[in-house]
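Listed here are the chains, written in short residue letters.
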Amino acid sequence: IGLGDPRTADVFLARVEREPDGDAVGDLLLWVGTFRRPETVDRLLTLARSRKNLRGDAFDAVVLISGFGQLSADVGSEDWPDPAALAKLHPLREDVFAKLLDAMAAATPTEPRTLNMVVLARFARTPAVDAPLAPLLTHPDDDLRHRALLSWSDRVRRGWAAADPLVKPLRHKNPTTQFLAAEGLARGGRGDGVGVLLSAVEYLDDVVLRQRAVLALGELGDVRAVDVLLRLAGDDGHALQEAAAEAIGHLRRSPEGDKIGRLLERLAKGAGGVAERALVGLRHFDSPDGWTLIRQRATDRGSWTVRKTAAEQLGHRDDPANRDLLLKLLRTDPDHDVAAAAFKAARRLWGADSLDPHFALIQRDDADELDADDFGDPVGAACDRGDPLRLLDLFPRCGPAVQERLEASLSARAEVPTAAVSAALG
């Protein structure tokens, strides 16, 4: 194992196949997985099918080989897949994952390990996983069926799967199943389940599902939902007002577009969750007045949560005014969470490889104290990849701790454009 010779995996498998009941065989299978060789997958799954005592360890080994074990259910943000995050992972082998999901669904469909893999199927970007996942959309077990619907719907929203398989679950007798199918269809631009979603808004007991129904209706943009969404968005204190304030932003092209724009602006000037969700709605509404208001709220020192939400929205429209404001927030906003939101938005606009957001961050008073989880190491990035003239230009605007690192970096460089540097110093 220490030498890393890939033939080791075959040796371990042969040992387990020869003597599958020894004390160490489970550990050996897991070590086979750490070599991450797709060639061993079929032998591992054969052991899982034929030797019940080895099933869990064999499945865990294939999870490692598939690469999907590196993911977690809460990664599924709208920014996934993030190229920078993917670059840090072992390869995601969707063909291996599809084989694994098929074997687990057949052998242990309701066990936690299988349920977790069904959730992770939401990250499958190719049709490889369609065949094993599709039958689970109508599986008798409620929990398994609902997790499969959530994963399939997420893939539909991202354009990785067709919406057609969600039509059959729409007719299921279970109300939650109907809702999840309708939600997925709506997120895929299909209006087959509008009636189910409108009923869910009014009659489901679970307020979270009702909120999701509102959001799905907004994404769909069906005119049949306009009156309901407008009523909810204008009903102060209603449990669904926040969701409706975001949802109506998708309805700019409806006959009530002007009325919706005025309502969103009024709500976005307020406070609390309704104002924050209305800012998201204004981003979807995408009007010049709406973006002006978003920028105003991004500098509103009265509420850091409103500033944070507004900063997040700026990354969704590549506009010179948005770029300028994001750099200003990165340099000067005193709140860590607002700066983190601005940094994420800036990376969306400039790209993960650009140093411009880092150059703004190193000018902060607390640049040497930023949380690496949110910002990485902006000073290190500037030192490693920054142009000498740009660093010299920024040098007087940085704090002493940052200046010390910049000086060390510049002094250590083998080649410096001396004439240009002298001019810059002058």
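About the cut-offs
Residues numbered from 1 in each chain as written. Predicted model: local features only at pLDDT ≥ 70, side-chain atom pairs only at ≥ 80, totals over all residues. Heavy atoms only, no water. Helix = DSSP H or I, 4+ residues; strand = E, 2+ residues; numbered from the N terminus. Buried < 20%, exposed > 50% of the residue type's maximum accessible area, 1.4 Å probe, protein only. Contact = heavy atoms within 4.5 Å. Areas by Shrake-Rupley, 256 points an atom, 1.4 Å probe, with all protein chains shown as cover. Lys, Arg positive; Asp, Glu negative; His and termini not counted. Charge placed at Lys NZ, Arg CZ, Asp CG, Glu CD. Phe/Tyr/Trp six-rings, centres within 6.5 Å; stacked < 30°, edge-to-face > 60°. Lys NZ or Arg CZ within 6 Å of the ring centre and 35° of its normal. Core = buried A, V, L, I, M, F, W, Y, C linked by side-chain atoms within 4.5 Å. Disulfide = S-S within 2.5 Å. Salt bridge = Lys/Arg side-chain N within 4 Å of Asp/Glu carboxyl O. Axes fitted to C-alpha atoms, helices over the stretch in contact; angles between N-to-C directions. Parallel < 35°, antiparallel > 145°, perpendicular 65-115°, else oblique. Nonpolar A, V, L, I, M, F, W, Y, C, P; charged D, E, K, R; others polar. Left-handed = near helix turned anticlockwise from the far one by under 90°.

Student: Go over the overall build of the protein chain, please, and point to the residues and values.
Tutor: Counting its regular elements, the protein chain contains 26 helices and 0 strands. Taken along its principal axes, the extent of the C-alpha atoms in the protein chain is 75 × 65 × 30 Å. Residue burial in the protein chain is summarised as follows: out of 426 residues, 48% are buried. For the protein chain, the proportion of contacts with a sequence separation of at least 24, taken over those separated by at least 6, is 61%. Of the accessible surface of the protein chain, which amounts to about 20100 Å², a share of 48% is contributed by carbon and sulfur atoms. Averaging the positions of the 56 positive and the 67 negative side-chain charges in the protein chain gives two centres separated by 4 Å.

Student: Any chance you could break down the packing of aromatic side chains for me, citing the residues and the numbers?
Tutor: Within this structure, the stated rule accounts for 2 aromatic pairs. Judged by centre distance (4.1 Å) and plane angle (15°), the rings of F68 and F97 are stacked. Of the two residues, F68 is situated in the loop between α4 (55-66) and α5 (83-87) and F97 in helix α6 (residues 94-107); the sequence distance between them amounts to 29 residues. On the numbers, 5.7 Å between centres and 45° between planes, the contact of F343 with F375 is tilted. Here F343, found in helix α20 (residues 336-350), pairs with F375, found in helix α22 (residues 372-375); they are 32 residues apart in sequence, far enough to count as distant. The two residues F343 and F375 agree in class, both being buried. Geometry around F285 places R252 over its ring, the cationic atom sitting 5.6 Å from the centre. When the ring centre of W350 is taken as origin, the NZ or CZ atom of R323, which lies over that ring, is 4.6 Å away.

Student: Before we move on, can you summarise the environment of P400 with the specific residues and values?
Tutor: One can find P400 in helix α25 (residues 400-412). Spatially, the C-alpha atom of P400 lies 9.6 Å from that of D368, the residues being 32 residues apart in sequence.

Student: Describe the nonpolar core, listing the residues and the values that go with them.
Tutor: Nonpolar side chains tend to gather and get buried jointly when the protein is soluble and globular. Core analysis: the biggest nonpolar cluster contains 117 residues, and F97, L133 and V214 have the highest contact counts within it. Each residue touching F97, except ones within four places of it in the same chain, is listed here: S66, F68, M117, L120, A121 and V129. With 16 residues, the next largest nonpolar core counts L355, F359, I362 and V402 among its residues.

Student: Provide a residue-level description of the state of the cysteines, including the pertinent values.
Tutor: As used in these notes, a disulfide is a covalent bond between sulfur atoms, one from each of two cysteines. Overall, the coordinates contain 0 disulfides when judged by the stated rule. No disulfide involves C383; its sulfur sits 9.4 Å from that of C398, the nearest cysteine. For C398, a relative accessible area of 8% corresponds to the buried category.

Student: Let's hear about the pattern of salt bridges: which residues, and what values?
Tutor: Inspection of every chain in the model, using the stated rule, returns 31 salt bridges. Note that E19 is salt-bridged to R15, the shortest N-O span being 3.8 Å. What emerges from the salt-bridge pattern is a single network uniting D10, E17, R37, E39 and R43.

Student: Lay out the packing of helix α18 (residues 304-314) against α20 with the relevant residues and their values.
Tutor: Running from amino to carboxyl end, α18 crosses α20 at an angle of 5°, the nearest separation of the two axes being 8 Å. Taken together, α18 and α20 sit at an angle that is classed as roughly parallel. The residues of α20 that touch α18, namely those facing W304, R307, K308, A311, E312 and L314, are D337, V338, A341, A342, A345 and L349. Each residue belonging to the contact of α18 with α20 can be placed in one class, and the counts come to 8 nonpolar, no polar and 4 charged.

Student: Report on the environment of A128, specifying residues and quantitative values.
Tutor: In this structure, A128 sits in the loop between α7 (112-120) and α8 (130-133). For the pair A128 and S354, spaced 226 residues apart in sequence, the C-alpha separation works out to 34 Å. Every residue in contact with A128, bar those within four places of it in the chain, is listed here: E94, D95 and A98.

Student: Give me the lowdown on the side chain of R210, citing residues and values where you can.
Tutor: Along the chain, R210 falls in helix α12 (residues 207-220). At 5.4 Å, E202 is the nearest oppositely charged side chain to R210, a buried residue that forms no salt bridge.

Student: Run through the packing of helix α10 (residues 175-187) against α12, naming residues and quoting values.
Tutor: Between α10 and α12, the shortest axis-to-axis distance is 8 Å and the interhelical angle comes to 25°. When the interaxial angle is binned, α10 and α12 end up roughly parallel. Considering how the two elements wind past one another, α10 and α12 form a crossing that is left-handed. Counting all contacts with α10, which are made through T176, F179, L180, E183, A186 and R187, the residues of α12 involved are L209, R212, A213, A216, E219 and L220. For the contact of α10 with α12, the per-class residue count stands at 7 nonpolar, 1 polar and 4 charged.

Student: Describe the environment of A346, listing the residues and the values that go with them.
Tutor: Mapped onto the fold, A346 is located in helix α20. Between the C-alpha atoms of A346 and A85, which are 261 residues apart in sequence, the distance is 16 Å. Contact partners of A346, with chain neighbours within four places excluded, come to L326, L330, G351 and P357.

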